[in-house]
Amino acid sequence: MKTIAQSWILLALAGGAGCGVAPQQAPLPGQTPEAVAAATVPGAPSAPKADEYPVPPPPFSEGIYPCSFCHDMLDPNPTPRVLNNHDAEQPLRHGPGRWCYDCHNPKPMDVLRLANGTTIPFSESYRLCGQCHGDKYRDWKVGVHGKRTGSWNGKKEYRLCVNCHNPHAPHFKPLRPLPPPVRPAEIHE
Amino acid sequence: MTEDPSPPSRDALDSPEESREESLQQSTRRSFLAYAAAAAAGAVLASCTPEEREAYLQKRFRELSKEDVAKVVARLEAEYARKYGKPFKVGVEPAIPRTLFGYALDLSRCIGCRRCVYACVKENNQSRRSPPIQWISVLEMDKRTGVDVMESNLYYDPKEVPREGHFYMPVQCQQCRNPPCTRVCPVGATWQEPDGIVVVDYNWCVGCRCCMSACPYGARHFNWGEPHLPPEEANQETHYLGNRPRMRGVVEKCTFCIQRTRKGLYPACVEICPVGARKFGNLLDPESEVRYIIENKRVFLLKEELNTQPKFFYFYGV
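On a predicted model such as this, the values are computed, not experimentally measured, just so you know.

**Some words on the overall build of chain B**
Then, number 1: A count of helices and strands for chain B gives 10 helices and 12 strands.
Then, number 2: Compactness check: chain B gives a C-alpha radius of gyration of 25 Å against a globular reference of 20 Å for 318 residues, more than 25% above the reference.
Then, number 3: Oriented by its inertia axes, the alpha-carbon framework of chain B measures out at about 85 × 50 × 40 Å.
Then, number 4: Going through the 318 residues of chain B one by one, you find that 37% of them count as buried.
Then, number 5: In chain B, of all internal contacts separated by at least 6 residues, the share reaching a separation of at least 24 is 64%.

Below you can see the structure in the form of structure tokens.
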């Protein structure tokens, strides 16, 4: 029993570091990614209550999601390396030393995976980001980090982290400013 | 013509006979002028349409009875519909009980893109030109000097923002709890509502602009010309004390989007901000995001030393 628990922890740690294959959670025939995501690891932080943080759908890249379209046929390879097609479309600029399986579940690929091995759907990706960006996650939950719309005294709509930050290159992109006001000297009418 | 009812002057008391005649003469002249003025005003009013006459004789908004408010709203809605060729709604929603609106702006997030400026213009029916009116001014400041309004740049126009080494500070009405602008108004056309919003009754404003010189934030704006509001761009959802179309010669200002916030919505600038730097809520609600910010973040008030007590809080979210 002890050895099983130990190897289990080792596996979880390896998964968290992104250089190992996660505890296998192969979907049964007909099982959806959501069902897989719902299967949690004992001791993992509890999932948010339904509709606690109402968010819009994640901005999936067309032609890339669902990942399983290609990855169901491929074996997970945890070695960091140049990825020709993915690097061209979504170059990874997210701090040093990141790798796909830090966030993505190796198999099935259509869900994300927390450091403790829990798989979560893309619609709860804030839990994944919050693992490292805890201060932002804390502020986001109370509506201080990020945009929140809706009603100040009623129902509020949140945004997923990835609705504003590209997860592969999260730095906020500069914008073209709208025109400056007219100087008083330029008003002739 | 009846005799002037005013008491006799001091001279009249001193030498009754002589001065009495003088005073009679004077009073006759005075009464004549008064009657002439009244007659002239009467003639002018008689030449007006009934609507114009009603608008001219309208009381202050706060003194209107429920029936009068309904009449005023109907008159304004008809006037705007005629002018802009589409139906308008002029709301008169009162303040929500136990509400004191507060605003917070994250200086560490704002990138100076001016999306808020134009969302505000659109939502609040500001004049588009001759001259344009914008209730929000975004100031570009140098990170080395920090908040320094005198050295700030209102007219920055680079290809992309944020510019290296700069930060941005949007300034709008600070909705002071101790507003100098309402105190100086000679006619009582501007006041603070129970929910803390400082409003203007455009139909009572005489356009003296005393409030503009009293405001230390440059947050009040004057309609020097007939406001230019293209009918196709006009926002038909309005409030009497907020974004209804204005006329020439009146002062206007940010009202925290009174037409939205009194219905529970966020102001337009909060909704548009692409970086989520703008926060709004009820200062009396311990669960609101503004309260969280005041209690947990580094917050400062603009020109705090003037004791205007703004309900607009600048903070650093990082």
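**Re the domain arrangement of chain B**
Then, number 1: Each assigned domain of chain B is listed with its residue range as follows: domain 1 (10–46) and domain 2 (101–316).
Then, number 2: Placing the centre of domain 1 of chain B and that of domain 2 of chain B at their C-alpha centroids yields a distance of 50 Å.

**Some points on the sheet that holds strand β11 (residues 298–300) of chain B**
Residue and element names in this part refer to chain B.
Then, number 1: Spatially, the 4 strands line up as an open sheet ordered β10-β2-β12-β11, and their pairing is mixed. The open sheet has two edge strands with one neighbour each: β10 (278–282) and β11. Across this sheet, the average inter-strand angle for adjacent strands is 30 degrees, counted without regard to direction.
Then, number 2: Across 3 bridges, β11 lies against strand β12 (residues 312–316) in antiparallel orientation.

**Describing the environment of I293 of chain B**
Then, number 1: Mapped onto the secondary structure, I293 of chain B falls in helix α10 (residues 289–296).
Then, number 2: Taking the number of C-beta atoms within 10 Å as the measure of exposure, I293 of chain B has 27 and is therefore buried.
Then, number 3: Considered as a pair, I293 of chain B and E140 of chain B are 153 residues apart in the sequence and their alpha carbons are 23 Å apart.
Then, number 4: Residues contacting I293 of chain B, with those up to four places away along its chain left out, are V144 of chain A together with A104, K279, V299, F313 and F315 of chain B.

Rules behind the numbers
Residues numbered from 1 in each chain as written. Chains lettered and ligands numbered in written order. Predicted model: local features only at pLDDT ≥ 70, side-chain atom pairs only at ≥ 80, totals over all residues. Helix = DSSP H or I, 4+ residues; strand = E, 2+ residues; numbered from the N terminus. Rg over C-alpha atoms; globule rule 2.2 N^0.38 Å. Buried ≥ 20, exposed ≤ 12 C-beta atoms within 10 Å, placed from the backbone. Contact = placed C-beta atoms within 7 Å. Domains from an automatic or database assignment. Pairing = 2+ DSSP bridges. Axes fitted to C-alpha atoms, helices over the stretch in contact; angles between N-to-C directions.

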